[in-house]
Amino acid sequence: MSPRSDDAVRCRPYEAGDREAAVRIWREVGWIEKPAHEQAFDAVLESGSAYVAALHGAPECLATAHDGRLRYLDEDLPATCLTAVTTGRTARRQGLAARLTAHALADRAARGDAVAMLGIFDQGFYNRLGFGNGSYERWCTFDPASLDVPAAPRVPVRLCVDDWERMHRGRLARRPRHGACSILPAKLTHADMLWTDNGFGLGFEDTSGELTSHLWCGTKATEHGPYRVNWLAYRDRDAFLELLALLRNLGDQIHAIILHEPQGIQLQDLIRQPFRSRRITARSPDESRITAAAYWQARLLDLQMALAATRLPDGPEVRFNLVLEDPVTGLLSPDAPWRGVAGDYTVTLGPVCDATAGRSPRLPTLAASIGAFTRLWLGVQPATGLAFTDRLSAPDELLRRLDRALRLPEPRQDWDF
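A brief report on the enclosed structure follows. (Residues numbered from 1 in each chain as written. Predicted model: local features only at pLDDT ≥ 70, side-chain atom pairs only at ≥ 80, totals over all residues. Heavy atoms only, no water.)

### Details of the overall build of the chain
When helices and strands are tallied, the chain shows 11 helices and 20 strands. Taken over the C-alpha trace, the chain has a radius of gyration of 23 Å; the compact-globule value for 417 residues is 22 Å, and the two agree within 12%. For the C-alpha atoms alone, the extent of the chain along its principal axes is close to 65 × 55 × 45 Å. Summarising the internal contacts of the chain: among those between residues at least 6 apart in sequence, 72% fall at separations of at least 24. One finds the centroid of the 50 positive side-chain charges in the chain at a distance of 4 Å from the centroid of its 53 negative side-chain charges. (Helix = DSSP H or I, 4+ residues; strand = E, 2+ residues; numbered from the N terminus. Rg over C-alpha atoms; globule rule 2.2 N^0.38 Å. Contact = heavy atoms within 4.5 Å. Lys, Arg positive; Asp, Glu negative; His and termini not counted. Charge placed at Lys NZ, Arg CZ, Asp CG, Glu CD.)

Below you can see the structure in the form of structure tokens.
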């Protein structure tokens, strides 16, 4: 019997009896290496939706999805955060991961989520399910003593894994920016902390004891670093600068900090002589540098919901026909509760945006994959750029009008998963 046949492979919800097989899968992919990691595994599965693909009756692929929200300009949209898709060693390249991910997307879309997001192991695989690349995320490595910030920080409070619930509240209350993703279950923050090598946190409280800002770090080299800042959570400029001042004060002992550049910030503005530092540290373990990669992807699950929440008051109104292609349909079972979003639409972008089924005469036509259209809607790249590199095409005049209408801030995920 072929392992690809419907009789051999079945996608279904995770059950308690699947735990041993699921733990084995995560051990085989290197995600469970110590007892704390198994505790993190339980936190992940207890706090979201989990699905398995069973091959000849035995679970060989596991996917997890969690409730989230995506900030689109000033609106929050319900989002699916696909937090894990893992396949055991005996079932590689059998199509299980693609089919299980499609199954999870259909279930989450039927629950009412507008968009799905995930982190990628490499480019190409999830494109087959309609995902498109997000923006470049930048990681900055620098000598903390080189930070040029005016703040003199207060004495912070120490934070540890036991503080996961209030740290999660602080993450959800952080300064909102376009494209930011937030995972709602607090146990996901707990799991992230359990996976951190030598993790520690520092933060500041208000008079009630609530965290108003904090950071969470980890390192494999405690004495001199590098230290990796897994996240910063802050609500305003002063809090941001105070957290950086805390990092600066570690510079007497720590040689390098690795920091995910925050949304709306160009960190180089706050580093003294960055190019001199890079030349001096070149090819060392503590080399000062900035690296960038688009390692997250997104796709719309509900086109109408997403556009109904979109407001573009400063741009010209643009109306066009949209011919949308969605490759996920071919991976869904005939009884799936959602069939993707392929079809013909009439789209309006402007102060009021919408998408209605069908074409309108005399309007220009945009043809796009759902991944490319998601990137356009988010503002990852302009229409004229996507027409060069992605599955998106339209008359030049329509492309230029879309560039003018969708002048959006760079979307940054701001929550790794």
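### Details of the sheet that holds strand β18 (residues 354–357)
With mixed pairing, 5 strands are arranged side by side in an open sheet as β18-β17-β16-β19-β20. In this open sheet, the two edge strands, each paired with only one partner strand, are β18 and β20 (392–393). Looking at chain direction, strand β17 (residues 343–349) and β18 are connected through 4 bridges and run antiparallel. For Thr-348, the partnering residue across the bridge sits in β18 and is Asp-354. Of the strands in this sheet, β16 (318–325), β19 (365–369) and β20 are in contact with helix α9 (residues 370–378), which crosses β19 at around 110°. (Pairing = 2+ DSSP bridges. Axes fitted to C-alpha atoms, helices over the stretch in contact; angles between N-to-C directions.)

### Topic: the pairing of β17
β17 sits mainly inside the fold: 5 of its 7 residues count as buried. Bridge analysis of β16 against β17 gives 7 bridges, and the strand direction is antiparallel. Note on β17: the bridge partner recorded for Asn-321 is Thr-346. As consecutive antiparallel partners, β17 and β18 are separated by 4 residues. (Buried < 20%, exposed > 50% of the residue type's maximum accessible area, 1.4 Å probe, protein only.)

### With respect to the sheet that holds strand β14 (residues 289–293)
Strand order in the open sheet formed by 7 strands is β8-β10-β11-β12-β13-β7-β14, and the pairing between neighbours is mixed. This sheet does not close on itself; its edge strands, each paired only once, are β8 (157–159) and β14. Geometrically, the sheet is characterised by an average inter-axis angle of 25° between neighbouring strands, direction not taken into account. Here helix α4 (residues 164–172) sits on the sheet and contacts β8, β10 (200–205), β11 (211–218) and β12 (227–233); the angle it forms with β11, its principal contact strand, is near 110°. Packing against the sheet, helix α6 (residues 237–249) makes contact with β10, β11, β12 and β13 (257–260), and its axis sits at approximately 35° to β11.

### Points about the nonpolar core
Of all hydrophobic cores here, the largest spans 96 residues; its most connected members are Phe-320, Leu-322, Leu-366, Phe-373 and Trp-377. In terms of residues, this core owes the most to one element, helix α3 (residues 96–111), which gives 9 residues. In this structure, Trp-377 is in contact with Leu-70, Tyr-72, Leu-77, Leu-300, Ala-306, Leu-307, Thr-310, Leu-406 and Leu-408, ignoring residues within four places of it in sequence. One finds Leu-241, Leu-259, Leu-270 and Ile-271 within the second-largest nonpolar core, a separate group that totals 28 residues. (Core = buried A, V, L, I, M, F, W, Y, C linked by side-chain atoms within 4.5 Å.)

### Describing the environment of Leu-62
Structurally, the position occupied by Leu-62 is in strand β3 (residues 58–72). Put simply, Leu-62 and Thr-207 are 145 residues apart on the chain and 44 Å apart in space, counted from C-alpha to C-alpha.

### Overview of the environment of Asp-163
Tracing the sequence through the fold places Asp-163 in the loop between β8 and α4. The sequence separation of Asp-163 and Gly-201 amounts to 38 residues, and the corresponding C-alpha distance is 9.2 Å.

### What about the packing of aromatic side chains?
In this description, an aromatic ring pair is defined by two values, namely the gap between the centres and the angle between the planes. Within the structure shown, the criterion is met by 11 aromatic pairs. Relative to Trp-377, the ring of Tyr-72 has its centre 4.3 Å away and its plane inclined at 10°; by these criteria the two rings are stacked. Remark: Trp-377 occurs in helix α9 and Tyr-72 occurs in strand β3; sequence separation between them is 305 residues. Its relative accessible area of 2% is what places Trp-377 among the buried residues. Between Trp-216 and Trp-231, the ring centres sit 6.3 Å apart and the planes meet at 25°, which makes this aromatic pair stacked. Highlighted residues: Trp-216 in strand β11 and Trp-231 in strand β12, separated in sequence by 15 residues. As far as burial versus exposure is concerned, Trp-216 and Trp-231 are alike and both buried. Each member of the aromatic cluster is reached from another via a ring pair, and the members are Trp-26, Trp-31, Phe-41 and Trp-195. Sitting over the ring of Trp-231, Arg-171 keeps its end group 3.7 Å from the ring centre. Directly above the ring of Trp-139 sits Arg-228, whose terminal nitrogen or CZ lies 4.1 Å from the centroid. (Phe/Tyr/Trp six-rings, centres within 6.5 Å; stacked < 30°, edge-to-face > 60°. Lys NZ or Arg CZ within 6 Å of the ring centre and 35° of its normal.)

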